[in-house]
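Chain by chain, the residues:
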Amino acid sequence: MYRMMSNWSRISLELRTIRYTLKKEIKLWQRYPSRMLFLVVMPFLTILTLYFQGMGLVGGTESTYFEEFAGTQDYLVFIILGSAVFIFVSTAIWGVGNSIRREQMMGTLESIWVVPTSKLTIFVGVALFDGLFSSYVAFMQLLITSLILPVNLIDLRIFVVIGIAFLLIFSLYGLGFFFTGLVLIYKEVEDFTNMINSAIRLITPVSYPLSVLPAPLAFIALFIPLTYALQAIRDYMGLGDYGPIYQYIGLLLLFDLIFIIFGSLFFRYAEKSAKRRGVIATH
Amino acid sequence: MQPIRDISFQDHLHPILIIAKYELIVSNFRYPLRILTRFISPILWVLPFLLFGKAVLGGTDSAVLYELTGIAHMPTFILVGTIITSISFNMLWLMSFAIRLESYRGTFESIYSCPVNKFTFFLGKLLASVAWSSIYIVGLLLLGVFVLDVQFVWSRLPDMLACVALLFLAMYGFGLVISGFLLVYKESHTIIHFLDGLISLIVPMAYPLAVLPLFMQKISLMMPMTRAVIASRDMLIMGESILHQGDHLAVLAAYIFIAIPLGYQFFKYMENKAKMKGVLHKY
């Protein structure tokens with residue numbers, strides 16, 4: 001029957017699936033409200049940890065050495081912006097990347113798997129929720145830090161920051177599809193996800209500029225779109241001079257395309273492989 | 001059948017060893033990605049603090065740090081803090097997740113119906129945690145010697161290891177409380193990640209205690225991890241004897257003699273509560 005439908009009817013059905021997935025994700029978050037609190041508070045704890053470390057090492061929130069590396073003395077604003085954008089990365093990896101494992105843990109994987117709709121459509125629903133949710137959390141973080149720490153990041157430029165972060169998230173969803181494929185093959189990947197999350201934070205300029213990294217790590221960072229998103233945002237906010245912003249936007253769009261294609265292909269391979277081995281539903 | 005009161009010491013020891021073996025070997029080889037993450041995680045834990053320190057200092061020595069602690073070499077200062085916190089977190093995860101993870105793995109019912117005391121069950125997890133932590137300590141010390149050029153008083157290493165042994169026991173009570181809490185309130189990932197973040201902030205891992213606001217200093221000094229971090233720095237970096245760490249050892253001893261029995265009682269109370277509410281096996 002699906003094959004006999006017109007293209008518009010098919011698109012309408014896919015959109016309905018996305019809407020219901022979105023609704024389901026909202027319900028899940030309402031079921032576990034402490035997660036929301038956790039996501040808002042947790043990045044703030046990381047910022048505070050580095051703030052205290054800076055205070056213990058240089059006695060203030062500015063460093064002349066930091067300016068040599070990053071183009072700005074104010075390491076605190078540098079970190080806050082980095083952490084706000086990193087929320088998009090974390091949510092994408094944990095949200096889309098672990099969505100299958102989560103369904104498996106909740107005992108709903110089989111029901112979702114036999115629904116006559118594309119798995120990628122379901123992931124798009126999860127991804128859409130993650131994008132909106134990340135924007136909210138990032139905004140809250142900038143608001144809280146501006147209220148508590150000696151910085152002021154609440155102005156209209158925040159919307160441009162979130163706009164650039166949105167360009168980043170499509171490539172992150174490609175990464176999320178890749179993780180979903182890994183979950184199908186290797187199952188318990190929570191620890192691995194945690195490790196990749198920490199590794200991305202380590203080798204991208206979230207808390208410190210790229211120039212303090214050893215050369216091999218800095219080279220890997222060039223293949224991670226988060227690096228370019230952060231440089232574009234910091235350049236726009238006047239924290240260093242990283243070159244024209246349109247170059248970064250072009251690069252982010254290119255990364256979006258490559259990551260989405262690669263992630264989807266890997267997921268399809270993993271799904272086929274898991275079906276052949278009969279391990280889709282196993283733990 | 002042998003009456004239960006005639007069980008020998010060896011019979012008590014056997015389940016502890018079996019649980020530790022299951023945690024260390026069986027579960028890790030079932031999910032090979034976990035082995036990789038276990039080895040890389042401590043490095044991912046320490047590097048961001050070192051890189052951030054390098055970014056704000058432009059090198060490795062800090063006059064402000066020296067003024068506050070008498071230690072100028074930033075990597076040496078941070079490495080001791082991260083050794084203690086990484087083993088504390090490892091233990092916290094393994095102990096707190098002990099029951100919850102079984103629930104996820106689908107082995108909860110089998111383990112819960114075994115005629116083995118839960119205290120014994122947790123001792124098995126503790127043993128596994130000690131084994132992993134020993135690997136972490138060796139790995140991080142090697143990193144310090146070969147990469148970071150740390151300046152330790154090596155003759156005080158046995159003193160520090162004695163302090164770490166006390167920390168293990170002190171953390172046991174901590175783990176029992178959290179594990180009991182998770183039996184009823186579930187949402188383990190959120191709670192433990194949140195605790196990780198909070199402990200990282202309060203425990204003076206990467207900065208001296210003096211940079212924290214006064215109320216946080218007071219809370220911090222009540223934590224066994226803080227006492228172990230400060231005592232370890234005094235011994236391994238400043239060369240003081242364990243005999244001069246009376247204050248810190250007293251707090252650790254208090255946790256051992258008070259928190260373990262209280263923690264076990266709390267666990268039993270929460271277990272009964274979970275049974276009464278009928279949520280013991282629920283997600």
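Note that the coordinates shown come from a computational prediction; the quantities given were computed from them, not determined experimentally. (Residues numbered from 1 in each chain as written. Chains lettered and ligands numbered in written order. Predicted model: local features only at pLDDT ≥ 70, side-chain atom pairs only at ≥ 80, totals over all residues.)

1. A word on the overall build of chain A
- Looking only at helices and strands, chain A features 12 helices and 0 strands.
- Counting from the amino terminus, chain A carries its helices and strands in the arrangement α-α-α-α-α-α-α-α-α-α-α-α.
- Overall size of chain A, expressed as C-alpha extent along the three principal axes, is 65 × 35 × 35 Å.
- Looking at chain A as a whole, 43% of its 283 residues qualify as buried. (Helix = DSSP H or I, 4+ residues; strand = E, 2+ residues; numbered from the N terminus. Buried ≥ 20, exposed ≤ 12 C-beta atoms within 10 Å, placed from the backbone.)

2. Quick word on the overall build of chain B
- A count of helical and extended segments in chain B gives 11 helices and 0 strands.
- Each helix and strand of chain B, placed in order from N terminus to C terminus, yields the pattern α-α-α-α-α-α-α-α-α-α-α.
- Reported as C-alpha extents along the three principal axes, the dimensions of chain B are approximately 65 × 40 × 35 Å.
- Within chain B, contacts between residues at least 6 apart in sequence are counted, and of these 81% link residues at least 24 apart. (Contact = placed C-beta atoms within 7 Å.)

3. Regarding the packing of helix H8 (residues 157-186) of chain A against helix H12 (residues 245-277) of chain A
Residue and element names in this part refer to chain A.
- Remark: H8 packs on H12, axes separated minimally by 7 Å, with the N-to-C direction vectors making an angle of 15°. With respect to their mutual orientation, H8 and H12 come out roughly parallel. The handedness of the crossing between H8 and H12 is left-handed.
- Considered class by class, the residues forming the contact of H8 with H12 number 21 nonpolar, 8 polar and 2 charged. (Axes fitted to C-alpha atoms, helices over the stretch in contact; angles between N-to-C directions. Parallel < 35°, antiparallel > 145°, perpendicular 65-115°, else oblique. Left-handed = near helix turned anticlockwise from the far one by under 90°. Nonpolar A, V, L, I, M, F, W, Y, C, P; charged D, E, K, R; others polar.)

4. Thoughts on the interface of chain A and chain B
- Contacts between the two partners involve 43 residues from chain A, matched on the other side by 40 residues from chain B.
- For the side of chain A that touches chain B, the elements supplying multiple residues, two or more each, are helix H2 (33-58), helix H3 (64-70), helix H5 (99-106) and helix H9 (190-203) of chain A.
- With 16 residues, H2 of chain A is the largest single contributor of residues to the side of chain A that touches chain B.
- Classifying every residue of the side of chain A that touches chain B gives 26 nonpolar, 11 polar and 6 charged.

5. Observations regarding unusual backbone geometry
All names here are of chain B.
- A positive phi angle is found at Asp149, which is not glycine, with a value near 55°.
- Mapped onto the elements of the fold, Asp149 is located in the loop between helix H6 (118-148) and helix H7 (157-185).
- Overall, Asp149 belongs to the exposed group, with 11 C-beta atoms counted inside 10 Å.

6. Some words on the confidence of the model for chain B
- In the predicted model, chain B carries a mean pLDDT of 84, and the fraction of residues at 70 or more is 92%.
- Taken over the whole predicted complex, pTM reads 0.83, whereas the ipTM for its chain interfaces reads 0.83. (pLDDT = per-residue confidence, 0-100.)

7. Notes on H6 of chain B
- Taking 1.5 Å per residue as the helical rise, H6 of chain B with its 31 residues ought to reach 45 Å, and the 42 Å between its terminal C-alpha atoms agrees with that figure.
- Just downstream of H6 of chain B lies Asp149 of chain B, where phi reads positive at about 55°. (Expected span 1.5 Å × (residues − 1).)

8. So, the nonpolar core
- By size, the foremost hydrophobic cluster in this structure holds 145 residues, and its most contacted members are Val85, Phe88, Ala92, Ala165 and Ala229 of chain A together with Leu167 and Ala228 of chain B.
- Counting residues per element, this core draws most heavily on helix H4 (residues 75-95) of chain A, which supplies 16 residues.
- In this structure Ala165 of chain A touches Val85, Phe88, Ala138 and Ala229 of chain A, once residues within four positions along its chain are discounted. (Core = buried A, V, L, I, M, F, W, Y, C linked by C-beta atoms within 7 Å.)

9. Some remarks on the packing of H6 of chain B against H7 of chain B
Residue and element names in this part refer to chain B.
- Close contact between H6 and H7 brings their axes to 11 Å; oriented N to C, the two are set at 130°. Judged by the angle between their axes, H6 and H7 are oblique. As for how H6 packs across H7, the hand of that crossing is right-handed. Here Phe122, Leu126 and Val130 of H6 lie close against H7, whose contacting residues are Phe168, Tyr172, Gly175 and Leu176.
- Looking at the contact of H6 with H7, its residues break down into 6 nonpolar, 1 polar and no charged.

10. So, the environment of Ile25 of chain B
Residue and element names in this part refer to chain B.
- Along the chain, Ile25 turns up in helix H1 (residues 9-30).
- We classify Ile25 as exposed; it has 11 C-beta atoms within 10 Å.
- Sequence separation between Ile25 and Leu36 is 11 residues; the distance between their C-alpha atoms is 13 Å.

11. A word on the environment of Val130 of chain B
All names here are of chain B.
- Looking at where Val130 falls in the secondary structure, it is placed in helix H6.
- The exposure class assigned to Val130 is partly exposed, which follows from the 17 C-beta atoms found within 10 Å.
- Here the alpha-carbon distance between Val130 and Met91, two residues 39 residues apart in the chain, equals 7.8 Å.

12. Quick look at the environment of Ser27 of chain B
Residue and element names in this part refer to chain B.
- Along the chain, the position of Ser27 falls in helix H1.
- Assessed through the 16 C-beta atoms surrounding it within 10 Å, Ser27 is described here as partly exposed.
- Placed 142 residues apart in sequence, Ser27 and Leu169 show a C-alpha to C-alpha distance of 24 Å.

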